[in-house]
Each structure stands twice: as C-alpha cells, then as structure tokens.
Amino acid sequence: MSSGIRMAPSILSADFAALGRDIAAAERGGADLIHVDVMDGHFVPNITMGPPIVQAVKRVATRPIDVHLMISDPDRYIEAFVNAGAHMVSVHLETVPHLHRTLTYIRSLGALAGVVLNPSTPAAALEAIASDLDFVVVMSVNPGFGGQKFIPQSLDKIRRVRALLGAAGSSAPIEIDGGVDASNIESLAAAGATIFVAGNAIFGTSDAEAATRDLRARAEQATRAEA
Ligand code: DX5
Ligand code: ZN
C-alpha cells in the first residue's frame, strides 16, 4: 500500500547550468514532483525564474511540476505557468484578494490548486476555503531564499491545518516547504505532512540521488510508525 509520501526537490538549490543532470539525479533517488520556486523581487526579496524555465524543466523531467508562486498579483501569470507545463500551482494566501476565484481559475486551466501560508499566517486563515483547495503548502521558513533554518512552530501549524481540513471533510495533502532535512523530516511526516520540498538538503549535497533516497526513506519510516 502506498504511504502517499511525495518528495518534491526544489531546483532553487540546483545547478542552473546543469538542471537536466540535477533533475535526473533527484528522479533516480525517488523524486515524485519537481518543485519550482518563482520569486518576483516584490512579494519576496529575491528574483528567480519564470515560465521559460518551467518549459525547459518540462522537457527533461519525467515527474509532474509543482510551481510555487511567490509573486504579487499571481492571477496575471498563472495561465503562462500552466501553459509552460505546471501540473500543480500554489499561490500565497497573502497575495490574493479573491482566493476562491484564483483557485477556481487554476483548476479551470487543468492544474491542481494549492494555497501557501507564510510562517506568520495562522492555520485558521484557511477555514473558509478548506473544501475548495487541492493541497496546502505550509512554509517553514520565510519565503525568499533556499538554505534557511527551519522554524519549529511549523510542526504545530501542520497539525492545525490537518485538523482544520479534516473538519471540513477534506483529505487534501499538506506540503511542507523550507529547511526540511534529515533531522526534521520524520517529525514532519508524523505531524501529517505528506509532500516534502527540499532544496538545500538535496542539491546542496554532492549526491542529490542519495540525498533524495535517504529523505524519502525517513519520511516513509515515520509514516509507517504512525500507522
Ligand atoms: C523558499 C522556497 C523553498 C526553498 C526550499 O522560499 O519556497 O522551496 O527552495 O529550500 P530549502 O529546502 O533549502 O529550505
Ligand atoms: Zn517553494
């Protein structure tokens, strides 16, 4: 039986001059999704990549592409990212005035719609929208950079989001993003996260394949222990 664990390596920490090589290594190690961090220098203090990179990733990746939009006014760009090959698109709750409309729009384009919560946004902010989303992303660092330190309060946030979704009758998965590594992935899985983004802990090592495999095994083990 599948545990539902999905590893989502973040290419933000990959070698941009060798993206195909790095993605292939992560996929050999068991990557289930390829996480693409889009930053605009406005909502977050960093600028990263846009639809052409997603298109390039699409050519080499054999796994679905998970696009995390850390941009102001994401509605303007969602279609371009879906056309470029995004299978999952998540928007920050802090960036959209009409979240229900945005999620409906993502779905109408044929992608899965996710909502991301900054560390300072309470789980309760999801209450009115809990049954209308396909996945929730809990940020465990302040968005903007890879390789930051995990914020421990995120564990409790996962539990709260899990409970809130359950109360709304939703089985939407929880994705955890930021500072995930071998020291915390087991407790994150035990708290209820099933999708694990990892950038530095995978591409910051000399062996992305082995790092992906190791993280995945730890998450699987914690899930089995819970069952
Ligand atoms: C942070 C990004 C993350 C980041 C994760 O703003 O959303 O996806 O790349 O990288 P690590 O795992 O290095 O914290
Ligand atoms: Zn991300």
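Residues numbered from 1 in each chain as written. Chains lettered and ligands numbered in written order. Predicted model: local features only at pLDDT ≥ 70, side-chain atom pairs only at ≥ 80, totals over all residues. Heavy atoms only, no water.

A. Inspection of the overall build of the chain at higher detail. Secondary structure summary: the chain contains eight helices and eight strands in total. Here the C-alpha radius of gyration of the chain, 16 Å, is about what a compact globule of 227 residues would show, namely 17 Å. Structurally, the chain occupies a C-alpha span of about 45 × 40 × 35 Å along its principal axes. Among the 227 residues that make up the chain, the fraction classed as buried is 52%. In the chain, the share of contacts with a sequence separation of at least 24, taken over all contacts with a separation of at least 6, comes to 64%. For the chain, the computed accessible surface area is about 9800 Å², with 51% contributed by carbon and sulfur atoms. In the chain, the 18 positive side-chain charges and the 24 negative ones have mean positions that sit 3 Å from each other. (Helix = DSSP H or I, 4+ residues; strand = E, 2+ residues; numbered from the N terminus. Rg over C-alpha atoms; globule rule 2.2 N^0.38 Å. Buried < 20%, exposed > 50% of the residue type's maximum accessible area, 1.4 Å probe, protein only. Contact = heavy atoms within 4.5 Å. Areas by Shrake-Rupley, 256 points an atom, 1.4 Å probe, with all protein chains shown as cover. Lys, Arg positive; Asp, Glu negative; His and termini not counted. Charge placed at Lys NZ, Arg CZ, Asp CG, Glu CD.)

B. Local environment of the coordination of the zinc ion (ligand 2). In the first shell of the zinc ion (ligand 2), the protein supplies His35 (NE2), Asp37 (OD), His68 (ND1) and Asp177 (OD), at 2.0 to 2.3 Å from the metal. Of note is the zinc ion (ligand 2), whose six donor atoms meet at the metal with angles of 70 to 171 degrees in an arrangement that counts as octahedral. Positions of the donor residues of the zinc ion (ligand 2) along the chain correspond to the pattern H-x1-D-x30-H-x108-D. Highlighted residues: histidine 35 in strand β2 (residues 34-39) and aspartate 177 in strand β7 (residues 174-177), separated in sequence by 142 residues. (Donors = N, O, S within 2.8 Å, 3.2 Å for Na, K, Ca; no water. Tetrahedral: all angles 85-135°; square planar, octahedral: opposite > 155°, others 65-115°.)

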